[in-house]
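# Examination of the molecular architecture
Listed below are the residues making up each chain.
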Amino acid sequence: MNIKLLAIGKTDDKQLEDLINKYIKRLDFYIKFNLEIIPDLKNVKNLSESLQKEKEGKLILSKVSTSDILILLDEHGKQYDSISFSELLQKHMNSGIKKLIFVIGGPYGFSSAMYDRANGKLSLSKMTFSHQMIRLFFVEQLYRGFTILKNEPYHHR
């Protein structure tokens, strides 16, 4: 199984980017993972929030095939503790799917087309974080999930 994280807009903080890359490199030991950045939309001043979400949704959906499992990182999604998240990863690996895609949307969230296509929603917290911080939190939790599955000491139970 391959795991992909799709995110809108580049990370503009070098230290944050270094930390994200640290966990991505660690993930290579466990699974094929990649972070794909979809460039920010241009000239958004004149776009309504819903039109911006729609345009971002089209860009995101162009990266997803019909056989992919798509999970939106969404404030209204299901929350997991780290062990339950690792069990979710194991369930998807056992199902035989080829690609599991997680998506961090733009500043206004997701379009209705994105919600219609999604196979699930995941919330990392009830708190609001910047889209750039969520990238770090997500890749760290993904790494933690695999260390839990391998019964390694990174996660102390």
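Rules used in this analysis
Residues numbered from 1 in each chain as written. Predicted model: local features only at pLDDT ≥ 70, side-chain atom pairs only at ≥ 80, totals over all residues. Heavy atoms only, no water. Helix = DSSP H or I, 4+ residues; strand = E, 2+ residues; numbered from the N terminus. Rg over C-alpha atoms; globule rule 2.2 N^0.38 Å. Buried < 20%, exposed > 50% of the residue type's maximum accessible area, 1.4 Å probe, protein only. Contact = heavy atoms within 4.5 Å. Areas by Shrake-Rupley, 256 points an atom, 1.4 Å probe, with all protein chains shown as cover. Lys, Arg positive; Asp, Glu negative; His and termini not counted. Charge placed at Lys NZ, Arg CZ, Asp CG, Glu CD. Pairing = 2+ DSSP bridges. Axes fitted to C-alpha atoms, helices over the stretch in contact; angles between N-to-C directions.

### A short note on the overall build of the protein chain
Helix and strand counts for the protein chain stand at five helices and five strands. Each helix (α) and strand (β) of the protein chain, taken in turn from the N terminus, gives the series β-α-β-α-β-α-β-α-β-α. On C-alpha atoms alone, the protein chain measures out to a radius of gyration of 15 Å, which is about the 15 Å that the 2.2 N^0.38 rule sets for 157 residues. By residue count, 43% of the 157 residues in the protein chain fall in the buried class. Sequence-distant contacts, at least 24 apart, represent 84% of the contacts inside the protein chain between residues at least 6 apart. For the protein chain, the exposed surface amounts to about 9,200 Å²; the carbon and sulfur share of it is 50%. Both charge centroids of the protein chain, one from 24 positive and one from 18 negative side chains, sit 4 Å from each other.

### With respect to the side chain of Q132
Among the secondary structure elements, Q132 is positioned in helix 5 (residues 131–149). Setting aside chain neighbours within four positions, we find Q132 in contact with K10, T11, D12, D13, L16 and I20.

### Considerations on the sheet that holds strand 5 (residues 120–123)
Read across the sheet, five strands follow the order 2-1-4-3-5 without closing on themselves; strand pairing throughout is parallel. Across the chains shown, the open sheet's two edge strands, defined by having one partner strand only, are strand 2 (32–38) and strand 5. Between one strand and the next, the sheet's axes are offset by a mean angle of 30 degrees, whatever the strand orientation. Across five bridges, the pairing between strand 3 (residues 69–79) and strand 5 is parallel. When the sheet's bridge partners are listed, L73 is paired in strand 5 with L122. Strands strand 1 (2–8), strand 2, strand 3 and strand 4 (99–104) of the sheet are contacted by helix 2 (residues 49–61), whose axis makes an angle of about 155 degrees with strand 1.

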